[in-house]
Amino acid sequence: PLDIRGQIALVTGASSGFGEAIAWRLAEAGCKLIITARRLDRLQQLQQQLVEKYQVAVHVAQLDMRDLDAVAQLPASLPEEFQEVDILVNNAGLALSLSSVADHDIEDAKTMIETNFLSVVVLTREVVKGMMARNRGHIVNMSSIAGIEAYKGGGLYCGSKHALEAYTTATRHELVGTNIRVTSIQPGAAKTEFSIVRFKGDVTRADSVYEGLDPLTAPDIADNVMYALTRPVHVQIAEMLVFCSSQASAITIARPK
Ligand code: NDP
Ligand code: 8X3
């Protein structure tokens, strides 16, 4: 595998779930880290733990991905030693509710489109310039089975992830022939805080999503990300569609009767 020790990695949405697990694996691999999210206390705690365990440099940036001006300004505002980002993990994202065509809430729609799609467009625009100048880098976008298949109640979330998929593919087309690789990670159901957020704090409803399943976990997805990042430079993992063993598509999920 490729040794990514010393590379600078920026992970959005590192305060929970996949992002946090990815940060742990990148620190273990010896990367210098920039971790972002809104919940500063969680980021600071993670920073402390990573520095203590792996003695790597970790920069914390509190960032609301919906604030697109702040997102645009982040790369230039990083301390000198973190400016040359090699690995960009566009992970921050969310689903809000399973509302239907007759009752979609436009505020929820804007939140998902801004967080899951527009923030990626803006952050990648600012980071890829440096990658192109240095002719090295890896962009990992956290898509979903929802980026490939739409399902009942998924008009908004699936719409935002389909947009991300199209953007990711276009990015790969534009960067072809360079040393910048572009990967889309497409997980199925994974037990993180995702469903608690989707159902706006209703933990019972969130838990019911995973009932009877042995769902994917954040470390499973971090492992997929690490696989893509550590292939030899001539190997580009374009897409990774990953389910738990009880899932075969967005809607085919085996649960005991
Ligand atoms: P979590 O809810 O556990 O984590 C989501 C992360 O995104 C948090 O760190 C959160 O940080 C951050 N985030 C959300 N909104 C914002 C915002 N406005 N500004 C900054 N950061 C934000 O869920 P997951 O780890 O599961 O989700 C990570 C990604 O994986 C998302 O893009 C999601 O769509 C995708 N995904 C999840 C699947 C699943 O089943 N869990 C399956 C497929 C894809 P904070 O709240 O502190 O700002
Ligand atoms: C999260 C997985 O199936 O809820 O992206 O869309 S799903």
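You'll find the structure just up there.
Residues numbered from 1 in each chain as written. Chains lettered and ligands numbered in written order. Predicted model: local features only at pLDDT ≥ 70, side-chain atom pairs only at ≥ 80, totals over all residues.

Summarise the site of ligand 1; cite the residues concerned and give the values.
Within the structure, ligand 1 sits among 29 residues, and Gly13, Gly17, Arg38, Arg39 and Gly93 are positioned closest to it. Every element with two or more residues in the shell around ligand 1 is listed here: helix H1 (17-28), helix H4 (106-134) and helix H6 (194-198). If you tally residues by element for the shell around ligand 1, the top one is H1, at three residues. Partitioning the shell around ligand 1 into residue classes produces 13 nonpolar, eleven polar and five charged. (Near = placed C-beta within 6 Å. Helix = DSSP H or I, 4+ residues; strand = E, 2+ residues; numbered from the N terminus. Nonpolar A, V, L, I, M, F, W, Y, C, P; charged D, E, K, R; others polar.)

Describe the pairing of strand E4 (residues 87-90), and please don't skip the residues or the numbers.
The side-chain alternation of E4 yields two buried faces, one formed by Ile87 and Val89 and the other by Leu88 and Asn90. Sheet analysis places strand E1 (residues 8-12) next to E4, joined by three bridges and oriented parallel. By the bridge assignment for E4, Ala9 is matched with Ile87. For E4 and strand E5 (residues 137-142), the ladder comprises four bridges, and the chain directions are parallel. In the sheet register, Val89 faces E5, and the bridge partner there is Val140. A crossover links E4 with its parallel partner E5, the connecting element being H4, and its sense is right-handed. (Buried ≥ 20, exposed ≤ 12 C-beta atoms within 10 Å, placed from the backbone. Pairing = 2+ DSSP bridges. Right-handed = clockwise from strand over helix to strand, strands pointing away.)

Account for the nonpolar core, with residues named and values stated.
If you look at the biggest cluster of nonpolar residues, it comprises 63 residues, and the most contacted ones within it are Val11, Ala23, Leu33 and Ile35. In terms of residues, this core owes the most to one element, H4, which gives eight residues. The contacts of Leu33, once residues within four sequence positions are left out, are Ala9, Val11, Ala23, Leu26, Ala27, Leu50, Val56, Val58 and His59. (Core = buried A, V, L, I, M, F, W, Y, C linked by C-beta atoms within 7 Å. Contact = placed C-beta atoms within 7 Å.)

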